[in-house]
Each structure stands twice: as C-alpha cells, then as structure tokens.
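A closer look at the structure
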Amino acid sequence: METLEKWRNLCGVVKNPKRRFRFTANLSKRYEAAAMRKTNQEKLRIAVLVSKAAFQFISGVAPSDYTVPEEVKAAGFDICADELGSIVESHDVKKLKFHGGVDGLAGKLKASPTEGLSTTDAEKLSQRQDLFGINKFAESELKSFWVFVWEALQDMTLMILGVCAFVSLIVGIATEGWPKGSHDGLGIVASILLVVFVTATSDYRQSLQFRDLDKEKKKITVQVTRNGFRQKLSIYELLPGDVVHLAIGDQVPADGLFLSGFSVVIDESSLTGESEPVMVNAQNPFLLSGTKVQDGSCKMLITTVGMRTQWGKLMATLTEGGDDETPLQVKLNGVATIIGKIGLFFAVVTFAVLVQGMFMRKLSTGTQWIWSGDEALELLEYFAIAVTIVVVAVPEGLPLAVTLSLAFAMKKMMNDKALVRHLAACETMGSATTICSDKTGTLTTNHMTVVKSCICMNVQDVANRGSSLQSEIPESALKLLIQSIFNNTGGEVVVNKHGKTEILGTPTETAILELGLSLGGKFQEERKSCKVVKVEPFNSTKKRMGVVIELPEGGSLRAHTKGASEIVLAACDKVVNSSGDVVPLDEESIKYLNVTINEFANEALRTLCLAYMDLENGFSPDEAIPASGFTCVGIVGIKDPVRPGVRESVELCRRAGITVRMVTGDNINTAKAIARECGILTDDGIAIEGPVFREKSQEELLELIPKIQVMARSSPMDKHTLVKQLRTTFDEVVAVTGDGTNDAPALHEADIGLAMGIAGTEVAKESADVIILDDNFSTIVTVAKWGRSVYINIQKFVQFQLTVNVVALIVNFSSACLTGSAPLTAVQLLWVNMIMDTLGALALATEPPNNELMKRLPVGRRGNFITNAMWRNILGQSVYQFIVIWFLQAKGKSMFGLDGPDSTLMLNTLIFNCFVFCQVFNEISSREMEEIDVFKGILDNYVFVVVIGATVFFQIIIIEFLGTFASTTPLTIVQWIFSIIIGFLGMPIAAGLKMIPV
C-alpha cells in the first residue's frame, strides 16, 4: 500500500484525481480493513484465554442470569440474537454449557440438528428473519448520476476555464452590452457543460457495469439440510437454526457451532490475519463466518448471520477497498504525466509569446498605459487558449480508456461465461504465453461412470450390467465391497423432496456410489449398521482417503481405504481371490494387477483401488490410519469423457503462440491418453510424473521444462514449482486453472489464476482472478481472446489520441509564436478534446474481438506498449496534418480568394474544419495498426458508427449554426468538400505508412 501511495503522489499533472483514481484502490478503506483484522485477532486470542480459564472453575459457578426478551418469547424462541452472537464471537464455553450445549441451542432456536429448519410456516419464517436478521452484508450506496457530474467538474483545467468564462462574461457585457458581449463566455460555459455531461454519462454507465459484476462475484451456494432434505441454497438465504454441510475448501457462510464431523481444520487468516490453522471439534465448536475449511468435513448449526458477524463488518469495509491499478493503467498514467508536463510547458510559452506580442504592439503605438475592455478580453482569450492547450495536451483519457475498455470487456465476458474478479487479469490474459490446465472437469466433462472393474482378480465390463455382475462376485467379497463403498466416501445417497434417490458428492464419489447401488447395496442401512470411528478425507498429497469403522457383530474394528491405484496397491500385502478367499499377494498377482491398471489407464480411464484391513490390535481415534498391510478388494476404471471442442481450442492456442500444458493428479498413462485425445501431447513433448520432476536439479529443469506437456501424479507444490519456474526463469506469462483448495498456491503464484465455477471450491475462487463459470477449456481461450482485444483496442486509442495531441499542440504553439494569434479557439479545442478523449475512447476501446487476434503471437512480459509501428503511424499522420494546416495558414486566403474584414475568421474556420475531419478519418484508420483494410467489420461495431456519425453531425451544427459561440462562420459548399477531401487523404497516407517496415 505504501508503494501505491507513493506512486499516486508521483502522478503530478493530474487534472482530476477524483475521476482518475475512481475505479482503483481506495487506500484509506484498505488501512481500515487491516486494522479490523488486527483487532479481531486480539479479540479471539483473549476470548480463547478467557474460555480456558472459565473451564477450570466452571463446576463451581452458578448459571448466568439470562432472561429472554419479551418479543423473542412471543415469537416462540427461547434465545435472542445478541446472546447467540456473544456465545460464538467470544468463544464462551460457559454460556454454551448454560444453554444446554449445541443441541440445547438448536432446541431454543426451534430447529433440529438432524432435520434442520422447517420453513413450511411462512409467518414463523418472517419472524425468524426479523428477530435474527438475514445473511446479507451492508453494501455501499450506489452513487447517483449527479455525483458523477460533480466529480467530473472537479477537473482543475475546467475550473480555470470556468473562471475565465465568468470574467469574460462580465467584461464582455460591460464593454459590448448584452447579448453581444456574452457570446464568448457562454460558448466556453456550454462547452464545459457538454464535456462534463458526456464524461459523467460514460463514467456512470461504467459504475453500473461494475456493480453488476460485483453481484455476480458474490453468488455462493452451500449444501443445507432443511425440512429434512439436503439441498443447495444461496448463502444469502441462510437463517439461524439452519444445518450446513461443510467440506474441504468451503468458506464458512455464517457464525455457528460444530454439530458433527471429522478432523476439521479451519484457516482463520482471512478474518484475523493469523496463519496458524485451528482444530474444530466438540470441545472447541466455534466456527466463524468467512474462515475457510482447510481439511476435514462437518455439519454446523448456524447461529449468527449477516452484519452481526465480524466477517460482515469486515466485508462492508473491504468492498469499498476497490481494485488495484492494472499494469496498463500504471503505464498510461506515466505516459499521461510526461505528456502533461510537456503540454504545460508549451502552454506557458504560448501564453508568454501571445502577451509579449500584444505588448510590442501597444509599445509601438505608445498606449501601454491605456487599457480598453477589448484588450482585457484579448488577454483573457490568450489565457483561455493557454489553459485549453493544457486541456488538450494532458491525455487524461488514456488511463480512463483502460477502465472503459475493461468494463466493456468484463460485461461481455460475463455473457461468455467468464467472471473477471480483478480488472488487471483481463489485460494480462491478453499477453499470456502458457496455460497450465487441470485435466478433470476442465478438459473433461466431469460426468464420471465406472465402466470397467477388476474385482476378486476378475476383469469385467461394468457398463449397465449391475445385477449380472452382482451374481459373479462371491458373497463375502460383495459384502466387503459394498461396506467399503458406502462407508469410505465423502458423498451421500439421499431421498429428495420428490421421493427420488439422489447422489451428492464429487463426480468421482458419485460414480463409485452408483456402482454400489447397482450391486444391490442399501446406503442408509449400511451406514446405520456400522459406527464410524475416524475419517481421513481425501487430500492431494496423500492421494487417498480412509475410514475406520466398528463392525456390527462383536464390535471389532476395520479400516477401509481407497485412492490412486498404484499408491493403494503398494500398501497391500494380501488380495481377495476369485473364490472370495484372502490370499497373500505374490509377484504374479502384483504383476497381473499392475498390467490391469495400465490397461485401464491407456483407455483413458481413471483408476481407483479399494482395500481394507482388520485392526486386531485395537485403534484409538487420535492415531493415524495405518499406511500398509491392507487387503486389495478390487480396482475400478472410471470414464470421464473429453469435453467437445477442447481439441479445437488447444489447436487455436497453439496457432496463437500459447503453449498448453496439462497438470493432473491422475495416473501418467491416463493423463497421456487424454492429452493425446485433446491434442496437448505432441510427438516431441514430454510427459513426466510429479515425484520424478521433484528430484531434478535446476540445470536439468532448464532443459526439461520447455518440453514438458503433461505432468501426472503431481502434488500442489509441483504445480507451484512449475508455474514459478515458467514465470521467473523463462519469463513466461502464465495462466493456471484450478478447482481445489490445494491449487490456491499455484493460482496465487500465476499471473492469471482461473478457478472453476462449478467444481471449484470457495478457497480456489478467492485466490483466482477469473472464474470460468461453465468449467470449460474453450471459455479460457475466449478469455485470452478478450484480453488481447482489450490490449489492442487501447493501443489503437493511444495511437489516435497521441496524434491529435501532437498536432493540436504544435499548431497552436507555432502559430502563436509566428503570427501572434492562435487559429484554434478555446471552445474549438474543447470540442476537439471531447472527440479525442471521451468519444474516441468509446469508439475505439469497445471494438469486439475477431478471430484474427488469435493468429498473432502473444505480447509476453517484456513487450513495449507503444510499439514501433504505432510511433510510425503517429509521426506520419502528424506530419501530414501539420503540413496541411501550415499550408492553409500560409496560402489559404489567396487559394480561396478570401479578403475583407472576415477573411481571418473564414480561414480559421476552414482550418478548424479540416483539422476535425482529419481526426474523423484518422479514427477510422486507427481501427487497424498493421492491416491496410480498415473497413472490415466496421458495421458490426455500432458504437463506432454512432460516434463517427455524431461527430460529423455536431461539426456541421457548430460551423453552420453556432458561429457566435464557437468563433466560426458558415463555409461554402466548395470549402466543405475541400475539408472532407483533406481529411480523407489522411487514409491513403495512413495505408502507405503501414507499408513501411519497422
């Protein structure tokens, strides 16, 4: 934050800081949020200490004197919101015990820990919402249009011009009377108002677009038990008394208490800044809103929601923190500052030259002591011209064009199923050179089914033949298999409210549970018959999950495990054979099973191995589940088909110079088979396993990494290492996709983190810059296309704007020095500034992407923003326009036979008209920086057509009808045609310039 502040102070020549830094970080709010985290940390530390102390003499303490408020009693509840809030927030074990523990609280909230809330009674529901609040955070008020108008008026140069206009009105009316004397002043006032309203409208529309995006960002759903059924609900619908199911990677949606679950570890850093994770169990049952589940799974009872939670208060501050400046905004702010300083210098010199010219005239006539009103007005006009040179010279529009273009792109990408969380990601994605993609769910559809199995050493095709398969498996083995499938799972089989059986859980769990059901297993009966002693959920480092259960007969203990087949198989020393007996694993059986695993993998199937072990020596829940000595029950092959359109997208990336690499936790043969199917793995590429990659030295990595196309069996750290190496050693711009909690480090490390909207956990989404809403790889390519489009659109706009800047500056400066008067007046310069800043940005920055964009090479990290081709176009165009205007100034009168008192006014109008038409045609030329054909697809971009049309229309009105205000005079038809031809000639010149190689 300190660097941001320093950098802000460096941007010296800023006409309107309120507007320039509007859509960027709000530093004071950020400091506030940091302070809040610090106090939360203190509060929690003290709360934990106090509750520990309370524990020690809880036995001898009389129950606390809590009385239920009347209105709460009347509604039928036995506890109020404040009491509930204080229990969780201050970790108050004493109060919790007094209210009868978690079950007692559920009773007082009229909810059931097993069935959840009942929402059938609408009146009761609204009473609950009124008393306990709803789970929404306070949002900052939407600024009204007039606030934007006020902010646009804060522009330093416009204020000075306003003062000039005011003085000009007074002096004008005093010397020439009303209405004749008021024209100059009113002209400037009208121009200022026009600029302000156009600017404010553009900014207001942007803020609405950002508002919509913010709403999308906050859509989070959780699994809830309500009315006795598991269902998905938005976190905004949660109420105290709801029972929520949390799994690894979820964000805790509101404050609450732990009901049941296993090995739950919570990361509270987002709330307290404390990095040490916290164990949550029946002894420490407090769950705070906004914290993340790092490991384990549990059910929780919601007690406090919305703005009553610490997280609610923190979020309200954080949402006003804004986005960081994007790299392009930083670059362009720099450009704007430099040019602004040059403009300021020229403006001061111009003013000095004009005033000096006037003094010389007065000296020669000897009237230096006698001043008339007209001369005062002339001085004022000089000052206005100098200020307007600054207006035109400071390209305030540059950084703002970035915001405009990004807002437009983000809105459109939303429709293309990509939600941009950070502005900068949009433009960075345009220069991406590498995409590291997950396999499951991104390249594949994530609809999994078991299609092959090897149970009791028999390989079978499973697809659609559950009952016949059931008869081929020995009775004892079938019982074991069903026990393993239904007890060792993160999923659940439930009956939904329509009475249908529904399977909940990850796609892999769903596929295996489906197999269990097709083998005639009954989920609920199986779960009720065994008591679960310990659960170790799946995580990507161990690549397996396990459970210890107490068997119904005789209470002996058994451990079940399942996971990556080669890892689980290595932990086995026995196997169930075809007759259902347990026999030792010999060399031959191991070889047979390994061959089977590879066969499945080469058919692009994901393989899982199921195994069990009887624990004769007893087991305590604090121990870890044993790592070896298991008996292999069987291996299953799960089909996860490749998404349609992935192969084409990968090909498109290759043509665009973007390398696609697949990083997956799967078996290397499965990964290779799918990578070939997607077109990722080519003949000269390498597929490597994570453990092998880890062992390589830095020298070996230098040679290896450019060739790696597939990394299988990778751990989160391998992914992180690969990304880091690509970024630092190879200077690549890396985009990474991720869905699990474990991907957060790699998503953070990457230039662009892409999280999956459907399969992704909350933790992954928090770390990502872009959320791919449909989990599809093709959408990632669309994001890259939009990113390039934003980058190139802004380049076009910069090229266009710098041309206008250079010409307007030099024309006014040189003619002021040489003739003692400026051809372009203040009002005219304000109009040119408007064409260039707001309208130009609208026209050029909102050009939609085309497929040509994906045929170029990416810009990469070291690319210059203003390329040599752009300098060539800017300088060429400027020279042409400058020559034309000089020629008109020198020879214009004789060429058109202008004489008489109005000849100078006629000539200046003609120069102004030619200048504007040069800009109109230059704007069309700027649509392409390298291509000759600039009209291709011009009608698809209606904004562009409207802007060009409006510019020409208003130009005609200004010249023909608003002469008194804008110091112009109507032109003849010949002069109009001449102006248009001069403007049009800029186009063949622009085309000729593009032929010059740079």
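What you are looking at is a predicted structure, and each value in this text was computed from that prediction instead of being measured.

**Observations regarding the overall build of the chain**
Regarding its fold elements, the chain presents 37 helices and 26 strands. Split into buried and exposed, the 998 residues of the chain put 56% on the buried side. Across the chain, contacts joining residues at least 24 apart in sequence account for 74% of those joining residues at least 6 apart. In the chain, 94 side chains carry a positive charge and 108 a negative one; their mean positions are 2 Å apart.

**Topic: the sheet that holds strand E21 (residues 659-663)**
Pairing within the open sheet is mixed, and its eight strands lie in the order E8-E26-E25-E24-E9-E21-E23-E22. A single partner strand is all that each edge strand has here, and the edge strands are strand E8 (418-420) and strand E22 (686-689). Averaged over all pairs of adjacent strands, the angle between strand axes in this sheet comes to 20°, irrespective of strand direction. For E21 and strand E23 (residues 708-712), the ladder comprises two bridges, and the chain directions are parallel. When the bridges of E23 are listed, Val663 appears paired with Met711.

**Points about a nonpolar patch on the surface**
Where nonpolar side chains cluster on the molecular surface, the patch consists of Ile973, Val974, Ile977, Ile981 and Leu985 and spans about 480 Å² of accessible area. Note on placement: Leu985 falls in helix H37 (residues 973-995). According to the relative accessible area criterion, Leu985 is partly exposed, its value standing at 39%.

**As for the environment of Ile512**
Among the structural elements, Ile512 can be located in helix H20 (residues 507-518). Along the sequence, Ile512 and Val533 sit 21 residues apart, while their C-alpha atoms lie 22 Å from each other. Other than its neighbours up to four places away in sequence, Ile512 contacts Val450, Ile485, Lys562, Leu608, Val636 and Ile638.

**Structural notes on the UniProt feature "domain: Cation-transporting P-type ATPase N-terminal" (unreviewed entry) in the chain**
What UniProt calls "domain: Cation-transporting P-type ATPase N-terminal" (unreviewed entry) maps, in this numbering, to residues 99-168. A distance of 78 Å separates the end C-alpha atoms of residues 99-168, which is 59% helix and 0% strand.

**Describing helix H34 (residues 903-925)**
For H34, built from 23 residues, the straight-helix expectation of 33 Å at 1.5 Å per residue is met to within 8% by its first-to-last C-alpha distance of 33 Å. With 21 of 23 residues buried, H34 lies mostly within the body of the structure.

**Let's talk about the pairing of strand E9 (residues 434-437)**
Both faces of E9 are covered, namely the face carrying Thr434 and Cys436 and the face carrying Ile435 and Ser437. For E9 and E21, the ladder comprises four bridges, and the chain directions are parallel. When the bridges of E21 are listed, Cys436 appears paired with Arg661. Pairing of E9 with strand E24 (residues 734-738) involves three bridges; the strand directions are parallel. Bridged to Thr434 within E24 is Val734.

**Examining the UniProt feature "transmembrane region" (unreviewed entry) in the chain**
Listed under "transmembrane region" (unreviewed entry) in the UniProt record, and renumbered for this structure, are residues 156-174, 186-204, 338-359, 379-409, 869-888, 903-921, 942-967 and 973-993. Helix makes up 100% of residues 338-359 and strand makes up 0%, while its end C-alpha atoms are separated by 32 Å. Within the segment residues 903-921, helix and strand shares are 100% and 0% respectively, and the terminal C-alpha atoms sit 27 Å apart.

**Focus: the side chain of Asn577**
Relative to the assigned elements, Asn577 resides in the loop between strand E17 (572-576) and strand E18 (582-584). Asn577 gets classed as buried once you look at its relative accessible area, which sits at 18%. Excluding residues that lie within four positions of it along the chain, Asn577 makes contacts with Cys456, Met457 and Val583.

**Here's the deal with the pattern of salt bridges**
All chains considered together, the criterion is met by 27 salt bridges. With a closest N to O distance of 3.2 Å, Glu603 and Lys452 form a salt bridge. With Glu603 in the loop between helix H23 (587-602) and strand E19 (605-615) and Lys452 in strand E10 (residues 449-455), this residue pair connects regions lying 151 residues apart in the sequence. Overall, the relative accessible area of 40% leaves Glu603 in the partly exposed class. On the basis of relative accessible area, Lys452 is assigned to the buried category, the value being 18%. Each of Asp438, Lys719 and Asp743 takes part in salt bridges that share partners, so that together they form one network.

**Things to note about the packing of helix H11 (residues 183-217) against helix H16 (residues 397-415)**
Across the interface, H11 lies against H16 with an axial gap of 10 Å and an inter-helix angle of 40°. Here H16 runs oblique to H11, going by the angle between their axes. Considering how the two elements wind past one another, H11 and H16 form a crossing that is left-handed. Residues Ser202, Gln206, Gln209, Phe210, Asp212, Leu213 and Glu216 of H11 pack against Thr403, Leu404, Ala407, Phe408, Met410, Lys411 and Met414 of H16.

**Focus on the environment of Glu5**
Residue placement: Glu5 occurs in helix H1 (residues 2-10). Residue classification places Glu5 among the partly exposed positions, given a relative accessible area of 35%. In contact with Glu5, not counting residues within four places along its chain, are Leu27 and Tyr31.

**A closer look at the nonpolar core**
Ranked by internal contacts, the top residues of the largest apolar core, which has 141 residues, are Met429, Ile752, Phe777 and Val798. Broken down by element, the residue count for this core peaks at 18 residues, all from helix H31 (residues 777-819). Residues within four places of Phe777 in sequence aside, it is in contact with Ile435, Ser437, Thr442, Leu443, Arg643, Val646, Ser649, Val650 and Val660. With 32 residues, the next largest nonpolar core counts Leu44, Tyr66, Phe132 and Phe286 among its residues.

**Considering helix H24 (residues 646-655)**
Among all positions in H24, only Val646, Ser649, Val650 and Cys653 are buried. Buried residues in H24, looked at end-on, bunch into an arc of 100°, giving them a common side.

**Description of the packing of aromatic side chains**
Working definition: an aromatic ring pair is given by the centre-to-centre distance plus the angle between the planes. Using the criterion set out here, one finds 18 aromatic pairs in the structure. Between Phe917 and Trp976 the ring centres are 6.2 Å apart and the planes differ by 85°, which places this aromatic pair in the edge-to-face class. On the criterion of sequence distance, the pair formed by Phe917 in helix H34 and Trp976 in helix H37 is long-range, its members being 59 residues apart. Residue Phe917 is classed as buried on the basis of its relative accessible area, which comes to 4%.

**Let's talk about unusual backbone geometry**
The phi torsion at Asn446 lies on the positive side, around 70°, for a residue other than glycine. As for its placement among the helices and strands, Asn446 is situated in the loop between E9 and E10. The exposure class of Asn446 is buried, given its relative accessible area of 16%. A positive phi angle is found at Met457, which is not glycine, with a value near 65°. Tracing the backbone shows Met457 in the loop between E10 and strand E11 (458-461).

Here is what the cut-offs are and how they apply
Residues numbered from 1 in each chain as written. Predicted model: local features only at pLDDT ≥ 70, side-chain atom pairs only at ≥ 80, totals over all residues. Heavy atoms only, no water. Helix = DSSP H or I, 4+ residues; strand = E, 2+ residues; numbered from the N terminus. Buried < 20%, exposed > 50% of the residue type's maximum accessible area, 1.4 Å probe, protein only. Contact = heavy atoms within 4.5 Å. Lys, Arg positive; Asp, Glu negative; His and termini not counted. Charge placed at Lys NZ, Arg CZ, Asp CG, Glu CD. Pairing = 2+ DSSP bridges. Axes fitted to C-alpha atoms, helices over the stretch in contact; angles between N-to-C directions. Patch = residues over 30% accessible without salt bridge, like charges linked within 9 Å, V, L, I, M, F, W, Y side chains within 5 Å. Areas by Shrake-Rupley, 256 points an atom, 1.4 Å probe, with all protein chains shown as cover. Salt bridge = Lys/Arg side-chain N within 4 Å of Asp/Glu carboxyl O. UniProt positions renumbered as here; feature names shortened; annotations may be inferred. Expected span 1.5 Å × (residues − 1). Parallel < 35°, antiparallel > 145°, perpendicular 65-115°, else oblique. Left-handed = near helix turned anticlockwise from the far one by under 90°. Core = buried A, V, L, I, M, F, W, Y, C linked by side-chain atoms within 4.5 Å. Arc of directions from axis to C-beta. Phe/Tyr/Trp six-rings, centres within 6.5 Å; stacked < 30°, edge-to-face > 60°.

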